[in-house]
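Given next are the chains, with one letter for each unit.
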There are 2 protein chains.
Amino acid sequence: MHGLSVSTPPTDLRPLTRSAASQPLVHLADGLDLPGVAMPFLRNEEIYGQDEPAEFVYRVLSGTVRTCRQLADGRRQVEAFHLPGDVFGLECGAVHYASAEAVGDCEVALVRRAAVESAAHRDGTAARALWLLATGDLERVRRLTLTLARKGATERVASFLLAMAARSEGDVVDLSMSRNDLADHRGLTIETVSRTFTQLERCRMIALPSPRRVVLRDRRALAALDG
Amino acid sequence: MHGLSVSTPPTDLRPLTRSAASQPLVHLADGLDLPGVAMPFLRNEEIYGQDEPAEFVYRVLSGTVRTCRQLADGRRQVEAFHLPGDVFGLECGAVHYASAEAVGDCEVALVRRAAVESAAHRDGTAARALWLLATGDLERVRRLTLTLARKGATERVASFLLAMAARSEGDVVDLSMSRNDLADHRGLTIETVSRTFTQLERCRMIALPSPRRVVLRDRRALAALDG
DNA sequence: CGAGCGTTTGAACAGCGTCAAAACAAGTGG
DNA sequence: CCACTTGTTTTGACGCTGTTCAAACGCTCG
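Reading guide: rules and limits
- Residues numbered from 1 in each chain as written.
- Chains lettered and ligands numbered in written order.
- Predicted model: local features only at pLDDT ≥ 70, side-chain atom pairs only at ≥ 80, totals over all residues.
- Heavy atoms only, no water.
- Helix = DSSP H or I, 4+ residues; strand = E, 2+ residues; numbered from the N terminus.
- Buried < 20%, exposed > 50% of the residue type's maximum accessible area, 1.4 Å probe, protein only.
- Contact = heavy atoms within 4.5 Å.
- Areas by Shrake-Rupley, 256 points an atom, 1.4 Å probe, with all protein chains shown as cover.
- Lys, Arg positive; Asp, Glu negative; His and termini not counted.
- Charge placed at Lys NZ, Arg CZ, Asp CG, Glu CD.
- Pairing = 2+ DSSP bridges.
- Axes fitted to C-alpha atoms, helices over the stretch in contact; angles between N-to-C directions.

### Some thoughts on the overall build of chain A
A count of helical and extended segments in chain A gives six helices and 14 strands. Projecting the C-alpha coordinates of chain A onto the three principal axes gives extents of approximately 55 × 40 × 30 Å. Relative to its full complement of 227 residues, chain A shows a buried share of 53%. Partitioning the intrachain contacts of chain A with sequence separation of at least 6 by distance along the chain shows that 69% fall at a separation of at least 24. Counting every atom, chain A has about 9,500 Å² of accessible surface; 51% of that belongs to carbon and sulfur. Put simply, chain A has 29 plus and 29 minus side-chain charges, and the middle of one group is 5 Å from the middle of the other.

Here it is, written out as structure tokens:
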């Protein structure tokens, strides 16, 4: 699952191109373009559910998608946020490990997983692309475990902001997700996230023109907080 | 597989390149057996270092191996413990994400990564096996993030004990790792881990014949603590 | 204007970390 | 066999960080 755990894949927003079979081609990875369809989703709409059969692979065309895992008692962990260009929902097993939901209104491309797997079986290069997708996700999740295991609230928020900034232009970051989503991603409560924001603002490391808009004023100091 | 003699120093790997034909086969996954060599490591000896070129793939023959990632300030995160039969150190990128060290004296099989990759390129089944290895790691790390993000100390220790028990016979678990390793794996301190053990013992959920030997007396209660 | 939602802020609390010391085990040398 | 060392584990007292609970604030949209 391409995502925003820490490091960031290059955002490649090439438009859907027409294939012979009338379905547009979806770019899943370098050397792996397969026919699929685009689908719109509304804010908070579920794209697929945890433990549901994994029939499709997805690519974000616009908006933001979150993938979450839920515990029986309601505690929730947001695995990752997926921005335009990111591929998510690719499983090797039968079912989806997490659910996927639209953070805001968004558009997503669907590709049949069977098509992906048969392409990988035929073509060694496609197979390697698949492996690369998996290990990319792996590294991002690993970095997340390090953050969750060993870092304090300030470091957790700072590293998130830096990761988001790496996918934006300039120093202004528009957060598409709520404090709640952010807290569930960083293993904190919304109150702690909010307090950390205001604290970073008082330290002149960021500015907050509005709750969802963050300006990075001192990248160096933020990076020092990060590991 | 255990046949290779005593004194091949860790850094001298020339026998590998010389006589591939005479090397024993190492089982990396179903349908993926490749020639490699066995090597012994002493307690706490480094098998490979973080950010070092990833030239080999490894399989535990005996003992336990830990893979760790270290922050600049010394904070350490133990990604995983690898028990006999486990494959570790397989990377897609150029370097190792984490370092690997012997928890106790152990023996490990080494396979050239180039051999693995070329097998995967030729053979779709081998390629899928590689993908499966990566997604298996991915799922394990994902479960770890959930634990670290949302669970308390008791739950963290309980789920670890259950995971270890799943790889042992019966209800007795012999921990090969120190409290320190355990703490760095679960995102806790050694004091908290120790206190949690004695607390679980007082609740009659476990017995502690010795610090490293744990008897699970109430799996149900332990599982209830887990998510 | 008021309703509803998301965000911020405050005060009291709890859990885990920190520091310090004691208990324990295993190995070494006299 | 004992005294001594070294490393690991356990236990205790205390403080900090983040959570919980509660209330106020500030949007946006009827």
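### As for the sheet that holds strand β5 (residues 56-62) of chain B
Residues and elements named next belong to chain B. Strands sit in the order β3-β10-β5-β8 across an open sheet of four strands; the sheet is antiparallel. Because the sheet does not close on itself, it has two edges, and the strands there are β3 (37-41) and β8 (87-88). With six bridges joining them, β5 and strand β10 (residues 106-112) adopt antiparallel strand pairing. Bridging across to β10, Arg59 finds its partner in Ala109. Each of β5 and β10 is contacted by helix α2 (residues 113-122), which is oriented at about 55° to β10, the strand it contacts most.

### Here we look at the pairing of strand β7 (residues 65-70) of chain A
All names here are of chain A. Within β7, five of the six residues are buried, which leaves it mostly tucked inside the rest of the structure. Between β7 and strand β8 (residues 76-82), which pair antiparallel in sequence order, lie five residues; one of them, Gly74, sits at a positive phi of approximately 100°. Judged from the four bridges that link them, β7 and strand β10 (residues 99-102) form a sheet pairing that is antiparallel. From the neighbouring strand, Val65 faces β10, where its bridge partner is Ala102.

### Considerations on the sheet that holds strand β13 (residues 213-216) of chain B
Residues and elements named next belong to chain B. If you walk across this open sheet you meet the three strands as β11-β13-β12, and the pairing is antiparallel. Across the chains shown, the open sheet's two edge strands, defined by having one partner strand only, are β11 (172-174) and β12 (206-210). Across this sheet, the average inter-strand angle for adjacent strands is 25°, counted without regard to direction. Note that β12 and β13 share three bridges and pair antiparallel. Pairing of Ala207 across the sheet is with Val215, part of β13. Its contacts with the sheet place helix α4 (residues 153-165) against β11, β12 and β13, and it is angled at close to 90° to β13. Where helix α6 (residues 190-202) meets the sheet, it contacts β12 and β13, and its direction lies at approximately 120° from that of β12.

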